[in-house]
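Here's the letter readout for the chains.
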Amino acid sequence: MTKPRIKIATTSLAGCFGCHMSFLDMDERLVTLFERVEFNCSPFTDIKQCEPCDIGLIEGGVCNAENVQVLRTFRANCTTLIAVGACAINGGVPAMRNYFDLQDCLREVYLTGTGVTNPQIPNDIELPLLLDKVYPVSGVVPIDYYLPGCPPSADEFLQMLEPLLTGKKPLLQKLHLHYD
Amino acid sequence: MQTIHDTIIIDGQEIPFTKGQTIMDAALAARVYIPHLCHYPGLTPSGNCRLCTVDIGSKSVAACITPAAAGQEISNNTSALNDARKSITQMLFVEGDHICPSCEKTGNCKLQAMGYYLGMLDEHFPQFYQHREVDASHARILLDRGRCILCDLCVRASREVDKKNVFAIAGRGTEAHLIVNSSTGKLADSNIEPGDLAANICPVGAILIKEQGYQVPIGQRIYDQHTIQETGLQENSVKKNDD
Ligand code: SF4
Ligand code: SF4
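Presented here is an overview of the structure given in this document. Source: prediction; values computed, not measured.

1. Details of the overall build of chain B
Step number 1: Assigned secondary structure in chain B consists of 7 helices and 10 strands.
Step number 2: For chain B, the spread of C-alpha atoms along the three principal axes comes to 50 × 45 × 35 Å.
Step number 3: The 243 residues of chain B split such that 41% are buried.
Step number 4: In chain B, 65% of the contacts between residues at least 6 apart in sequence involve partners at least 24 apart.

The following block contains the structure:
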């Protein structure tokens, strides 16, 4: 009998999808990985609703109300939740807006900035409300493990996942540690 | 005059020192690494980053400003001390604006390298998100106070080696910040030059030389290939002008 595969969910909050692209850099190693794992809710599968999963990978920080909701759903459904990449861990590049007032940012980008045509601040009800700051994911839900890097390499993803697949604690080697 | 050698013990290893040496001086001379950010051989130690905290018995002291004394039994490379050092590093990160992927110093930065050395995976404490002033007035030198860890190295380098006194630290606690000694408070109106030690000693990306960004690609920089322990043990005393 084949063993049930480990269920992984992934999402990108306020990130650039770079971490997801880096995950795919595993290339042919994905084939052997898929013998042991399956993706649930993820941009890889286009499944939108997170079901109970073993591992959740969160890329990106928390910049709007929708991010908060997705992150909480992931926490509620994933046994192990991993903050992946600089943005999830400390807000990263999107958090550079935190040094300025949000209204000032919106004004500059949509009203007064160079090259703006038809100036207006977007306010469609479909758009999730922005938070005052971009927060690290650990500021919203408890996080089990951190995988730094901008992005972490495919090797580092594997180094994090391999032990988890056999129920062990992952330990990122210092050799692999980088924040860029 | 005959030099009198005495010894201290660091993590069980006997290390000689001469009168006047600090624990840090003696350790570095014996190639024993005590983590540090605000210490640079040859500049007067200032004891402000506290990364070099070691224990003598039950007392914690900063190795860079504590004189070595015969018979001291010192703990240095212990998991408790390295945990405390990691917390200090995390506090330095959250207090400033450290978005490494957007910083030219990345890969060459000692704060970052300290994080790697101590296995820092996250910053643990809530971020301060302070907005500190950038001074881009100088044609060749950039000062981004957001990344300044107030290590005081540029202050000492300017005063002791360049003999210029360009920098000082003003304010206290979270208000502490680097100020520039010129009529406008701007770097452009100071007498700093790109070749000065003060313009090059910054351990982080707070003082950067302009027009040479990204000459070495990310991934091939100093701390992509070496640990801060390796580079820290190789740093030679700076040459002071009056030496
Ligand atoms: S100064 Fe160092 S720690 Fe700060 S952002 Fe730049 S590389 Fe990162
Ligand atoms: S600018 Fe750099 S060298 Fe000067 S105090 Fe700040 S961190 Fe230290």
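2. What about the site of ligand 2?
Step number 1: Taken together, 13 residues lie near ligand 2, and Cys148, Cys151, Cys154, Cys202 and Ala206 of chain B sit nearest.
Step number 2: A breakdown of the residues in the shell around ligand 2 according to their chemical character gives 12 nonpolar, no polar and 1 charged.

3. Some remarks on the nonpolar core
Step number 1: Formed by 61 residues in total, the largest nonpolar core has its most connected members in Ile23, Ala27, Ala63, Leu153, Cys154 and Ala198 of chain B.
Step number 2: No fewer than three residues from each of domain 1 (5-77) and domain 2 (82-234) of chain B sit in this core.
Step number 3: Listed in part, the 42 residues of the second largest apolar core include Leu57, Phe74 and Ile82 of chain A together with Ile99 of chain B.

4. A short note on the pairing of strand E1 (residues 5-10) of chain B
Residues and elements named next belong to chain B.
Step number 1: Summarising the sheet, E1 and strand E2 (residues 13-18) pair through 6 bridges and their orientation is antiparallel. Bridged to Ile9 within E2 is Glu14.
Step number 2: A loop of 2 residues connects E1 with E2, the two strands running antiparallel in sequence, and Asp11 in this loop sits at a positive phi of about 45 degrees.
Step number 3: Note: E1 against strand E5 (residues 73-75), 2 bridges, orientation parallel. The partner of Ile9 across the bridge, within E5, is Glu73.

5. Description of the sheet that holds strand E6 (residues 134-135) of chain B
Residues and elements named next belong to chain B.
Step number 1: Strand order in the open sheet made by the 3 strands is E6-E7-E10, with antiparallel pairing throughout. With partners counted over all chains shown, the strands left at the sheet margins are E6 and strand E10 (207-209), one partner each.
Step number 2: Relative to E10, strand E7 (residues 141-144) is paired through 3 bridges, and the arrangement is antiparallel. What sits directly across from Leu143, in E10, is Ile207.

6. Focus on the interface of chain B and chain A
How big an interface is tends to be reported as the loss of accessible area on association of its parts.
Step number 1: Contact residues are listed per partner, giving 19 residues for chain B and 22 residues for chain A.
Step number 2: Of the residues contributing to the side of chain B that touches chain A, the split by class is 8 nonpolar, 8 polar and 3 charged.

7. Some thoughts on the site of ligand 1
Step number 1: Taken together, the neighbourhood of ligand 1 is formed by His98, Ile99, Cys100, Cys103, Lys105, Thr106, Cys109, Leu111, Gln112, Arg147, Val204 and Gly205 of chain B.
Step number 2: Here the residues of the shell around ligand 1 sort into 6 nonpolar, 4 polar and 2 charged.

8. A look at the environment of Ile15 of chain B
All names here are of chain B.
Step number 1: Along the chain, Ile15 falls in strand E2.
Step number 2: Counting along the chain gives 15 residues from Ile15 to Ala30, while the straight-line C-alpha distance between them is 6.6 Å.
Step number 3: Residues in contact with Ile15, not counting those within four places in the same chain, are Thr7, Ile8, Ile10, Ala26, Ala27, Ala30 and Val32.

9. A few points about the environment of Ile99 of chain B
All names here are of chain B.
Step number 1: Summarising the element assignment, Ile99 is placed in the loop between helix H2 (79-95) and helix H3 (110-117).
Step number 2: Exposure remark for Ile99: the 24 C-beta atoms within 10 Å place this residue in the buried category.
Step number 3: With 139 residues separating them along the chain, Ile99 and Val238 place their C-alpha atoms 30 Å apart.

10. Concerning the sheet that holds strand E1 (residues 6-12) of chain A
Residues and elements named next belong to chain A.
Step number 1: One open sheet accounts for 5 strands, arranged E2-E1-E3-E5-E7; its pairing is parallel. Of all strands in the sheet, those with a lone pairing partner are strand E2 (37-39) and strand E7 (145-147), marking the two edges. Each adjacent strand pair in this sheet contributes to an overall mean axis angle of 30 degrees, direction not counted.
Step number 2: Pairing of E1 with strand E3 (residues 53-59) involves 5 bridges; the strand directions are parallel. The partner of Ala9 across the bridge, within E3, is Gly56.
Step number 3: Its contacts with the sheet place helix H6 (residues 154-165) against E1, E2, E3, strand E5 (78-84) and E7, and it is angled at close to 155 degrees to E7.

How each quantity is defined
- Residues numbered from 1 in each chain as written.
- Chains lettered and ligands numbered in written order.
- Predicted model: local features only at pLDDT ≥ 70, side-chain atom pairs only at ≥ 80, totals over all residues.
- Helix = DSSP H or I, 4+ residues; strand = E, 2+ residues; numbered from the N terminus.
- Buried ≥ 20, exposed ≤ 12 C-beta atoms within 10 Å, placed from the backbone.
- Contact = placed C-beta atoms within 7 Å.
- Near = placed C-beta within 6 Å.
- Nonpolar A, V, L, I, M, F, W, Y, C, P; charged D, E, K, R; others polar.
- Core = buried A, V, L, I, M, F, W, Y, C linked by C-beta atoms within 7 Å.
- Domains from an automatic or database assignment.
- Pairing = 2+ DSSP bridges.
- Axes fitted to C-alpha atoms, helices over the stretch in contact; angles between N-to-C directions.

Interpretation in functional terms is not warranted from these geometric data alone.
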